[in-house]
Structures are given as structure tokens and as C-alpha cells.
Amino acid sequence: MHYIPYLSTLVTFAFTAAVFRRYLQRRGPHLLIWSIGLLGYGLGTLSEVILGLTFSAAVVKLWYLAGAMISAAWLGQGTFHLLVRRRGLAWTVTGVLAAVSLLATVLIALEPVQGGTYQVSQPISSQYQAVLARSGLVIALTIILNIYGSITMVGGALYSAFIFWRKHILFQRMIGNILIAAGALAPAIGGSFVRAGLPDFLYLTELVGAILMYIGFVQATVPAPAQAASPVPSN
Amino acid sequence: MKSRRFRPTRLTHWAVPALIALLLAAMLFVFAVVALSLLGFKL
């Protein structure tokens, strides 16, 4: 299992670079916000790489903050920006998410870490509850942010795929959105395995999720044959 | 506009909505696990 976070980090940072490059070309705010979410995802898997080599209290906090708390919500927020036509509403929700993310950062920075029982041979997902003390507020924020991220990212991608299917248009984007939804769900299912006492699956589902979302993004951004306006915004 | 359309096959007609429904069910499963663990159920 130890080599999986290396692959996840490589895939995720390549994916982040591809999305950010597209942002520099197209300037869509959803692309910038997806880049932020993917950066968080990549920092989470990079933390797993480091924690497989040595213990660091700061890296444990980074792993929880970036990987478990904020990455899913920011990925979902990118989809929210893409699908919600009211710019003011989208930016207001982004502002709220930024404030909540800042609060999460402060709370995690203040939480005590006890590394006495930490074993580098075991995944952090199987040990974090013993290592990182989490207040009720931190746990509540983690759940709220992840549910918001799942609904917006998975729900948004499935909604787009359904519209394309119903109208029989943009086959590649339809497939791409299905892959993005499946990829976004993979680490969420991995998180459920952690709750069910099977923490080893998290690393694998993170890798599968990053690969599926990357392939989905590539599929969804294949240029359409004709450049007419799209009924559902493109990725 | 016409070139943006795809010809639906038997596979896309059934498989795509089935896949979408499956993924929605998976999302609900994740939420159910979170809710059950919050309610104190040992999973």
C-alpha cells in the first residue's frame, strides 16, 4: 500500500497542472476553484507519502486539513460555479467556503497531536484518530464540507451527464461527467470504509478517484465538432 | 449544431441512466454510513 500515495500524488499534480493551464487559457473561475481543490487533494496524498517515511505533527495536520476537510468542498465549489448562472450567488457561496476553510485551518492548527504511538508502516488513515485530537466542531465541519462537496461535485456532474444523455448531445462530455462523478465518489467511499474499520482502502480509492477524474476531465474538454452555445456549460 | 448530436444506441439508452442511478445510489450509501456513524452505530 505504501507506493500508492506516490502514484496518487503524481497523477493529482499532473491533473492540477492541466486544469490550471486551462484556467490560464480560458479564465473560467470554476477552473481556478477546481485547481484549488485538486491542490488540496494532492497535498493530502503528498502528506501520506511523507507520513510513510517519517512522523511530523505539521504533516498530520496538513493531511487532515487539505485531504479530509477542504479539498472535496472546493472541487464541488468549482462545479457550483460552472452550473449556477447567478454569478453573485456563486461568489457569495465561494466567500462563505473561504471563511469556513480559514476557520478550519485555525482550528486544526490549534488541535494537539500525539505521535507517541504512530507507526510509519501503517497508513495514516488507520491511525489519525489516535494521533490527532479533533474537537466536535472540527468533526462537524469535516462532515458538512464533505457532504457539500459530494452533492455539488457528484450531483453536478451527474446532472450534466443526464442533460447530455436526454438531449443526445456531446457524447464525450457525457462520458467525461460520468467519470468525474465516479472519481469524486471513490475517495468518499474510501472514507466510508475508514468509518467501517477498513482504513487500508482509502489510499487505493484516492488513486482510483484521481485517475477517473483526470480521464473524465480530458474527455469532457475534448473540443466539440461545432462551436455553438452549449445548453449546459462545458467543463 | 447537428454534428454535436450523437446517435443513441441500445447501450447508451439503458446503460447511461443505469450508471447515473448507480452513482447516485453510491452517494446515498456514503451519506448513510456517515449518518449511521453519527448516530452511534458501530459499523
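*Asks:* Could you clarify how one ought to interpret the overall build of chain A in this entry?
*Replies:* A count of helices and strands for chain A gives eight helices and zero strands. Each helix and strand of chain A, placed in order from N terminus to C terminus, yields the pattern α-α-α-α-α-α-α-α. On C-alpha atoms alone, chain A measures out to a radius of gyration of 18 Å, which is about the 18 Å that the 2.2 N^0.38 rule sets for 235 residues. Oriented by its inertia axes, the alpha-carbon framework of chain A measures out at about 60 × 35 × 30 Å. The 235 residues of chain A split such that 49% are buried.

*Asks:* I'm lost on the overall build of chain B in this one. Help?
*Replies:* Within chain B one finds one helix and zero strands. For chain B, the residues scored as buried account for 14% of the 43 residues in total.

*Asks:* Sorry if this is basic, but what is going on with unusual backbone geometry here?
*Replies:* Negative phi characterises most residues that are not glycine, and trans characterises most peptide bonds. All names here are of chain A. Positioned with a positive phi, Arg 27 is a non-glycine residue whose angle comes to about 65 degrees. Structurally, the position occupied by Arg 27 is in the loop between α1 (4-26) and α2 (29-51). Notably, Leu 170 is not glycine yet its phi reads approximately 50 degrees, a positive angle. Checked against the element boundaries, Leu 170 lands in the loop between α6 (136-167) and α7 (171-195).

*Asks:* Any chance you could explain the confidence of the model for chain A here in plain terms?
*Replies:* Close inspection of predicted coordinates is inappropriate for parts of the model with low pLDDT. Across chain A, pLDDT averages 92, with 94% of residues at or above 70. Every residue in residues 227-231 of chain A scores below 50 in pLDDT, and together they form four contacts with partners more than four places removed in sequence or on other chains.

*Asks:* Is there a simple way to think about the nonpolar core in this case?
*Replies:* In a soluble, globular protein the nonpolar side chains are often hidden away together inside. Counting residues in each nonpolar core, the largest one holds 73 residues, and the members touching the most others are Val 154, Met 174, Ala 181, Ala 184 and Leu 185 of chain A. Contributing elements (two or more residues each) for this core: α1, α2, α3 (57-83), α4 (87-110), α6, α7 and α8 (201-220) of chain A together with α1 (10-38) of chain B. Sequence-distant contacts of Met 174 of chain A, that is, excluding residues within four places in its chain, are made with Ala 161, Phe 164 and Trp 165 of chain A together with Val 16 of chain B.

*Asks:* Mind showing me how you'd approach the confidence of the model for chain B here?
*Replies:* Per-chain confidence: chain B averages 85 in pLDDT, with 88% of residues scoring 70 or above. In the model output, the complex is listed with pTM 0.91 alongside ipTM 0.88.

*Asks:* Quick question: what am I supposed to make of α1 of chain B here?
*Replies:* Turn by turn, an α-helix covers 3.6 residues, leaving residues three or four places apart pointing in a common direction. If you check α1 of chain B, its first and last C-alpha atoms are 43 Å apart, about what 29 residues at 1.5 Å a residue would give, namely 42 Å. Along α1 of chain B, the residues that are buried comprise Val 16, Ile 20, Leu 23, Met 27, Val 30 and Val 33 of chain B. Next to the buried residues of α1 of chain B lie α6 and α7 of chain A. Looking one or two places after α1 of chain B, you find Gly 40 of chain B, whose phi comes out positive at around 95 degrees.

*Asks:* Looking at this structure, I do not really get the interface of chain B and chain A. What am I missing?
*Replies:* Accessible area lost upon the coming together of the parts serves often as the stated size of an interface. At the junction of the two partners, chain B supplies 20 residues and chain A supplies 27 residues. The residue inventory of the side of chain B that touches chain A, partitioned by class, reads 16 nonpolar, two polar and two charged.

*Asks:* Looking at this structure, I do not really get the packing of α3 of chain A against α6 of chain A. What am I missing?
*Replies:* Two quantities define a packed helix pair, namely the angle between the helix axes and the distance between the axes. Residue and element names in this part refer to chain A. In contact at an axis separation of 7 Å, α3 and α6 are set at 35 degrees when each is read in the N-to-C sense. As for how α3 packs across α6, the hand of that crossing is left-handed. Where α3 approaches α6, its residues Ala 68, Met 69, Ile 70, Ala 72, Ala 73, Leu 75, Gly 76, Gln 77, Thr 79, Phe 80 and Leu 83 are matched on the opposing element by Leu 141, Thr 142, Leu 145, Asn 146, Tyr 148, Gly 149, Ser 150, Ile 151, Thr 152, Met 153, Gly 156 and Ala 157. In terms of residue class, the contact of α3 with α6 is made up of 14 nonpolar, nine polar and no charged.

*Asks:* Any chance you could explain the environment of Arg 5 of chain B here in plain terms?
*Replies:* Inspection of the secondary structure assignment puts Arg 5 of chain B in the segment before α1. Other than its neighbours up to four places away in sequence, Arg 5 of chain B contacts His 168 and Ile 169 of chain A.

*Asks:* Please clarify how the packing of α4 of chain A against α6 of chain A should be interpreted in this entry.
*Replies:* All names here are of chain A. Between α4 and α6, the shortest axis-to-axis distance is 11 Å and the interhelical angle comes to 145 degrees. Read as a crossing pair, α4 and α6 show a hand that is left-handed. For the pair formed by α4 and α6, the contact residues are Val 100, Ala 104, Leu 107 and Ile 108 on the first element and Leu 137, Val 138, Leu 141 and Leu 145 on the second. Here the contact of α4 with α6 is composed, by residue class, of eight nonpolar, no polar and no charged.

*Asks:* What am I meant to see in α8 of chain A here?
*Replies:* Between the first and last C-alpha of α8 of chain A there are 28 Å, a value that for 20 residues agrees with the 28 Å anticipated at 1.5 Å per step. Counted residue by residue, α8 of chain A has 14 buried out of 20 residues, so it is predominantly covered.

*Asks:* Got a minute to help me understand the environment of Val 11 of chain A in this structure?
*Replies:* Position of Val 11 of chain A among the secondary structure elements: in helix α1. Distance from Val 11 of chain A to Lys 167 of chain A, taken between C-alpha atoms, is 33 Å for residues 156 residues apart in sequence.

Calculation rules
Residues numbered from 1 in each chain as written. Chains lettered and ligands numbered in written order. Predicted model: local features only at pLDDT ≥ 70, side-chain atom pairs only at ≥ 80, totals over all residues. Helix = DSSP H or I, 4+ residues; strand = E, 2+ residues; numbered from the N terminus. Rg over C-alpha atoms; globule rule 2.2 N^0.38 Å. Buried ≥ 20, exposed ≤ 12 C-beta atoms within 10 Å, placed from the backbone. pLDDT = per-residue confidence, 0-100. Contact = placed C-beta atoms within 7 Å. Core = buried A, V, L, I, M, F, W, Y, C linked by C-beta atoms within 7 Å. Expected span 1.5 Å × (residues − 1). Nonpolar A, V, L, I, M, F, W, Y, C, P; charged D, E, K, R; others polar. Axes fitted to C-alpha atoms, helices over the stretch in contact; angles between N-to-C directions. Left-handed = near helix turned anticlockwise from the far one by under 90°.

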